[in-house]
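A structural walkthrough
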Amino acid sequence: MSTTASPSGPRRLVHVRTGTFRKAYHPNPACPSLNGKPETYSGQEAITEAQAQRLGLTECGNCPPAPAQPAETEFATAPLYEIAYDYRANARPFTVSVAGPGRHDGEPPALFVVEAHKTEEAWAKVLAWYMVEHETVDAIVVAGESFQGVPAGRAWFWLDLRPEYVRREALDDLADQAAELIGAFEEETGPLLGEEGEPLPQEQSTYETALGDAAFSAWPLVLELAGNDGRD
Ligand SMILES: [Zn+2]
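Residues numbered from 1 in each chain as written. Predicted model: local features only at pLDDT ≥ 70, side-chain atom pairs only at ≥ 80, totals over all residues. Heavy atoms only, no water.

1. So, the overall build of the protein
Broken down by element type, the protein carries six helices and nine strands. Computed over C-alpha atoms, the radius of gyration of the protein comes to 27 Å, more than 25% over the 17 Å expected from 2.2 N^0.38 for 232 residues, which places it beyond the range of a compact globule. Reported as C-alpha extents along the three principal axes, the dimensions of the protein are approximately 70 × 65 × 35 Å. Across the 232 residues in the protein, those meeting the buried criterion constitute 25%. Summarising the internal contacts of the protein: among those between residues at least 6 apart in sequence, 65% fall at separations of at least 24. Per element, the accessible surface of the protein, about 16000 Å² overall, is 56% carbon and sulfur. Charged side chains in the protein number 17 positive and 36 negative. The centres of these two groups are separated by 12 Å. (Helix = DSSP H or I, 4+ residues; strand = E, 2+ residues; numbered from the N terminus. Rg over C-alpha atoms; globule rule 2.2 N^0.38 Å. Buried < 20%, exposed > 50% of the residue type's maximum accessible area, 1.4 Å probe, protein only. Contact = heavy atoms within 4.5 Å. Areas by Shrake-Rupley, 256 points an atom, 1.4 Å probe, with all protein chains shown as cover. Lys, Arg positive; Asp, Glu negative; His and termini not counted. Charge placed at Lys NZ, Arg CZ, Asp CG, Glu CD.)

Here it is in structure tokens:
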């Protein structure tokens, strides 16, 4: 499936400016005419060509053709990686070697360690982290230098991503606990509120006590949250 080479016809997706400053629709979402005037540009959206024509828009004559990406043509009918299925119920450490854009200049791949239940999960976690951290999609796993376990010995330099994933899980837990606290507070104080959501005058002090109690129970969460800020 390719979105850059969608067939022509009323159902193909085209791209239009949001708002009223638009006369044309564009087959290429990167067309300079779409976002060329910053003073009137407030974003763009995709609609079908039929919808665009119903809006009275006409096809842009200046859209540059959108070329297929190398990865799209190379892997159109094959998976990007062939990874042996090695799931086990217990998570274990994996070392994953990633070659980023630096490989074009001969930079060696970088090694990362994560905890996972199978090789594919480990690669996905490392690639996802790498791509976001370096703001690139030009990153691949070097299978021959990736393995189960942790690199041993001094000759290796590697980055341990396990604490980062532990931290994210802790933050998820904290958010769940905070949502529970708020749910309980709202259940408790709901009957004290009027139609506008303000405490009823005669319930004001009961409401303030409940709020103070809730804030007090939330303080340990705040401390734990601060302890998970990701700085050492
Ligand atoms: Zn265009």
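2. Looking at unusual backbone geometry
One non-glycine residue, Glu135, adopts positive backbone phi at about 50°. Turning to its location among the elements, Glu135 is positioned in the loop between α4 (119-134) and β7 (140-141).

3. Thoughts on the coordination of the zinc ion
Listed as protein donors to the zinc ion are His26 (ND1), Cys31 (SG), Cys60 (SG) and Cys63 (SG); their distances from the metal cover 2.0 to 2.4 Å. One can describe the site at the zinc ion as tetrahedral: its four donor atoms subtend angles covering 103 to 119° at the metal. The sequence pattern formed by the donor residues of the zinc ion is H-x4-C-x28-C-x2-C. Here the residue Cys31 occupies a position in the loop between β2 (24-25) and α1 (32-35), and Cys60 occupies one in the loop between β4 (58-59) and α3 (70-74), the gap between them amounting to 29 residues. According to the relative accessible area criterion, Cys31 is buried, its value standing at 0%. (Donors = N, O, S within 2.8 Å, 3.2 Å for Na, K, Ca; no water. Tetrahedral: all angles 85-135°; square planar, octahedral: opposite > 155°, others 65-115°.)

4. Observations regarding the domain arrangement of the protein
The accessible area lost on association of the parts is a frequent measure of interface size. Domain boundaries in the protein define domain 1 (1-78), domain 2 (92-160) and domain 3 (164-226). Each of domain 1 and domain 2 was reduced to a C-alpha centroid, and the two centroids are 36 Å apart. (Domains from an automatic or database assignment.)

5. As for the nonpolar core
If you look at the biggest cluster of nonpolar residues, it comprises 16 residues, and the most contacted ones within it are Val96, Val98, Phe112, Ala122, Val126 and Leu161. For this core, the secondary-structure elements that each account for two or more residues are β5 (92-99), β6 (110-116) and α4. A per-element tally of this core places α4 first, with six residues. Beyond its immediate sequence surroundings of up to four residues, Val96 is in contact with Ala110, Leu111, Phe112, Ala122, Trp123, Val126, Val141 and Ser146. Core analysis: the next-biggest nonpolar cluster, separate from the first, contains six residues, Val14, Val16, Tyr25 and Ile47 among them. (Core = buried A, V, L, I, M, F, W, Y, C linked by side-chain atoms within 4.5 Å.)

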